[in-house]
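Each chain, letter by letter, is given below.
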Amino acid sequence: MVLKVFFPSCCSSADSGILIGRWISEQNSAVVLAVVHFPFIPVQVKQYLGEVQRVTQVSVSVLGSWSNSKLEKEESLSEFLEDLGTIFCHEPWIQISKEGDSKFWSCSTLQKHSKNPQEEEIILVYYDQRKVMLSHLHPPLDTAGQRAEDASKLSAIFDTVARSQVLFMTDRYDEGPIKLTHWQSDGVEASIIVELMKQASVPACMLLTFLLSLVSGICRSRVLKFWPLSFLWNKLSTCEQLGHRLQHLQVISSNKKAQNQNQLMRKANILVSLLIDVALGILLMSWLYRKNRIGHLADTLIPVADHVAEELQDLLQWLMGAPAGLKMNRALDQVLGRFFLYHIHLWISYIHLLSPFIEMILWYVGLSACLGLTVALCILSDIIALLTFHIYCFYVYGARLYCLKIYGLSSLWRLFRGKKWNVLRQRVDSCSYDLDQLFIGTLLFTILLFLLPTTALYYLVFTLLRLLVVIVQGLTHLLVDLIDSLPLYSLILRLCRSYRLAAGVKFRVLEQQDGKPLRLLMQINPLSYRGVIQTYRLPTYSCYPRDSWASLCKKLFLGELIYPWKHKGEKQN
């Protein structure tokens, strides 16, 4: 039978002593956690291990002995180490000895209480204790069969080292009766600044929690449920983003301790995303308020709006003539053209009415960038929606008129075929029509058919303009979702300390010598960047429609309305 001994590489130069760790009988493996040096009192060692086991819930025990012949020259040391097996009573008793500076160690087992002792083949596996303790193992998502069993075995080793953190709080500077060697034995890593920040974060989190509860109470009040405020709160993307960030702040300021590693990483990702978002927003705000850029932007906005209105007027004049040599219905063409021209006239009057207040509005809007770049982008999306409201009205008018004619033609076409749409059963049934109904249906079908090209042309032009606005708004919201959902802390951790996000391990065979145990080096395989994003991706507030090209073309052909995004709980028309 094969015995696997996981030995920390930091203990390779430790003084002679005893090995303490955990014995995993299911895997016939021993995970060495530390080396206790001479001199020591066995009773005190047992008491110390009992306290560690009570705190960590890990069955820590004395696994065997460690001998470093370079540091200890007594001949009776080996016999003394063998006699320790009768005191601590562990089966099997593992003996590891290092001879001088040799890389090849001797490793053997003693089974004093076994009636039929069998010689076991030993595999010595070196591992980096610090990396294994600080890492979080992410087994493959498609684990099945043998791969799932291997992942569970690795998880037992990682879990043993991670839960034994209390054992690593003792270093060589402690004046206790027990001296240990482990990855932190040269001095416990601690920082006064970090401890002070932890102490100061408690009242800060309490104050932030109180303020957030006050704001969330105002948001849930009945005042916001009345028609104008509820409509704006549900339709403006700025309000949705503010509510989303409010939920993030509630998660960060919560005094509830994270239950597992995923919750801890989620909090860290939200905090880093929020800090980077606010930093980018402050940079944008500082850029806007330098050299009077807001004044230049306000002075440029009115001429741009006038230019867009003039281009739309020229487009409508072109449509009211003979666009591309097409023969249009002149009466309907003139009615639609004048109707849209009147809307453009109203729009120009509306813009010039607001022109004295635009600079002040932009000045206050620029201050909102201190809340984050995503809030500024959402405000930009809402401003684009307000400035192109006339294009949206043109699109809605054209789409509704076109949709009415399409559905009218389809109903009249079923009339010619002797069919009708059964509303109750949601299917097409046969139906007999009299002569008057067929005559009126023929007249209506002819009228709608000859008026369809004029309506379709207006619908096509305004749909293309609407799609242009939708693409701009969609790219803006895509950037907002990218900032909101990207796990920046996990990606930084993967870049700087890749061992913290472990996808598995690999074993490298070291140089071998006859008569010596097989030596392996356990190395951590980091999680891929794609796996990091899939595992720690944060949820976003908006749900983009995942329509296929066929579905989108069908909606455009039938004249159904399209939107750049849809929020939670809404259904797209």
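About the thresholds
- Residues numbered from 1 in each chain as written.
- Predicted model: local features only at pLDDT ≥ 70, side-chain atom pairs only at ≥ 80, totals over all residues.
- Heavy atoms only, no water.
- Helix = DSSP H or I, 4+ residues; strand = E, 2+ residues; numbered from the N terminus.
- Buried < 20%, exposed > 50% of the residue type's maximum accessible area, 1.4 Å probe, protein only.
- Contact = heavy atoms within 4.5 Å.
- Areas by Shrake-Rupley, 256 points an atom, 1.4 Å probe, with all protein chains shown as cover.
- UniProt positions renumbered as here; feature names shortened; annotations may be inferred.
- Pairing = 2+ DSSP bridges.
- Expected span 1.5 Å × (residues − 1).
- Axes fitted to C-alpha atoms, helices over the stretch in contact; angles between N-to-C directions.
- Parallel < 35°, antiparallel > 145°, perpendicular 65-115°, else oblique.
- Nonpolar A, V, L, I, M, F, W, Y, C, P; charged D, E, K, R; others polar.
- Salt bridge = Lys/Arg side-chain N within 4 Å of Asp/Glu carboxyl O.
- Left-handed = near helix turned anticlockwise from the far one by under 90°.
- Phe/Tyr/Trp six-rings, centres within 6.5 Å; stacked < 30°, edge-to-face > 60°.
- Lys NZ or Arg CZ within 6 Å of the ring centre and 35° of its normal.
- Polar contact = N/O pair within 3.5 Å; in protein donor to acceptor, adjacent residues only side chain to side chain.
- pLDDT = per-residue confidence, 0-100.

Student: Could you give an account of the overall build of the protein, naming the residues involved and the relevant values?
Tutor: Assigned secondary structure in the protein consists of 17 helices and 15 strands. Buried residues in the protein amount to 40% of all 573 residues. Within the protein, counting contacts between residues at least 6 apart in sequence, those at least 24 apart form 71% of the total. Total accessible area computed for the protein in this model is approximately 33,100 Å², and 63% of it derives from carbon and sulfur atoms.

Student: Go over the environment of A502 with me, naming the residues and quoting the values.
Tutor: Tracing the backbone shows A502 in strand β12 (residues 501–509). Accessibility expressed as a relative area gives 0% for A502, which makes it buried. The spacing of A502 and L137 is 365 residues in sequence and 4.7 Å in space, taken between C-alpha atoms.

Student: Kindly report on the UniProt feature "transmembrane region" (unreviewed entry) in the protein, identifying the contributing residues and their values.
Tutor: Here the UniProt feature "transmembrane region" (unreviewed entry) sits at residues 200–219, 270–289, 335–354, 361–388, 394–416, 437–461 and 467–492. Across residues 270–289 one finds 95% helix and 0% strand; the C-alpha atoms that close the span lie 29 Å apart.

Student: How would you sum up the pairing of strand β2 (residues 17–24)? Please name residues and give values.
Tutor: Counting buried positions along β2 yields seven of eight residues, so the element is predominantly enclosed. The sheet contact formed by β2 and strand β3 (residues 29–37) spans eight bridges and is antiparallel. Opposite L19, over in β3, you have V35 as the bridge partner. In textbook terms, the turn of a hairpin is the stretch between consecutive antiparallel strands, and for β2 and β3 this stretch comprises four residues, one of which, N28, has a positive phi near 55°.

Student: An account of helix α7 (residues 237–253) is needed here, citing residue identities and associated values.
Tutor: With 17 residues, α7 should reach 24 Å at 1.5 Å per residue; the first-to-last C-alpha distance of 24 Å fits that figure. All buried positions along α7 are accounted for by S237, T238, C239, E240, Q241, H244, R245, L246, H248, I252 and S253.

Student: Hey, could you go over the packing of helix α8 (residues 261–288) against helix α15 (residues 488–496) for me, with residue numbers and the actual values?
Tutor: Each packed pair of helices is defined by two parameters, the angle between the axes and the distance between the axes. Contact pair α8 / α15: the axes reach a minimum separation of 6 Å and the direction vectors enclose 100°. By the angle class used here, α8 and α15 are roughly perpendicular. Between α8 and α15, the contacting residues are M265, A268, N269, V272, S273 and I276 on the first element and L488, Y489, S490 and L493 on the second. Looking at the contact of α8 with α15, its residues break down into seven nonpolar, three polar and no charged.

Student: Tell me about the pattern of salt bridges, and name the residues and values.
Tutor: Taken as a whole and assessed by the stated rule, the structure comprises four salt bridges. One salt bridge in this structure joins D159 and R163, with 2.9 Å as the shortest N-O distance. On the criterion of helical spacing, the pair formed by D159 and R163 is a turn pair, its members being four residues apart in helix α4 (residues 146–163). Residue classification places R163 among the partly exposed residues on the basis of a relative accessible area of 34%. Salt bridges sharing partners connect three or more residues here, namely R245, D277 and D484.

Student: Any chance you could break down the packing of helix α10 (residues 330–354) against helix α14 (residues 435–485) for me, citing the residues and the numbers?
Tutor: Interaxial distance between α10 and α14 falls to 10 Å at its minimum, and their mutual angle equals 25°. As the angle between them shows, α10 and α14 are arranged roughly parallel. Read as a crossing pair, α10 and α14 show a hand that is right-handed. Along the contact surface, α10 presents L332, D333, L336, G337 and F340, while α14 presents L451, T454, T455, Y458 and F462. Per-class residue counts for the contact of α10 with α14 are six nonpolar, three polar and one charged.

Student: Provide a residue-level description of the packing of aromatic side chains, including the pertinent values.
Tutor: Enumeration over the complete set of coordinates arrives at 17 aromatic pairs. An angle of 85° between the planes, with centres 5.7 Å apart, marks the rings of Y289 and W363 as edge-to-face. In this pair, Y289 sits in the loop between α8 and α9 (293–320) while W363 sits in helix α11 (residues 358–367), placing the two residues 74 residues apart along the sequence. Residue Y289 is classed as partly exposed on the basis of its relative accessible area, which comes to 29%. Aromatic rings pair up to connect F339, F340, F394, Y397, Y458 and F462 into one cluster. Its end group placed over the ring of Y529, R494 keeps NZ or CZ at 4.6 Å from the ring centre.

Student: Tell me about the side chain of S237, and please be specific about residues and values.
Tutor: Here S237 lies in helix α7. In this structure S237 comes out as buried when scored by relative accessible area, which is 0%. Within the structure, the side chain of S237 is placed 3.3 Å from the backbone oxygen of C378, a separation counted as a polar contact.

Student: Before we move on, can you summarise the side chain of S485 with the specific residues and values?
Tutor: Turning to its location among the elements, S485 is positioned in helix α14. In terms of polar contacts, S485 uses its side chain to reach the side chain of R537, at 3.3 Å. Ignoring anything within four residues of it in the chain, the contact list for S485 reads R537, L538 and T540.

Student: Could you give an account of the environment of D306, naming the residues involved and the relevant values?
Tutor: Its location among the elements puts D306 in helix α9. For the pair formed by D306 and W347, sequence separation is 41 residues and the distance between their alpha carbons is 9.6 Å.

Student: Break down the confidence of the model for the protein for me, with residues and values.
Tutor: Model confidence for the protein is summarised by a mean pLDDT of 79, while 79% of its residues fall at 70 or above. Of all helices and strands in the protein, the one with the weakest mean pLDDT is strand β15 (residues 566–567) (42), whereas α15 scores best (89). A low-confidence stretch, residues 565–573 stays under pLDDT 50, and its non-local contacts, those more than four residues away or across chains, total 30 contacts.

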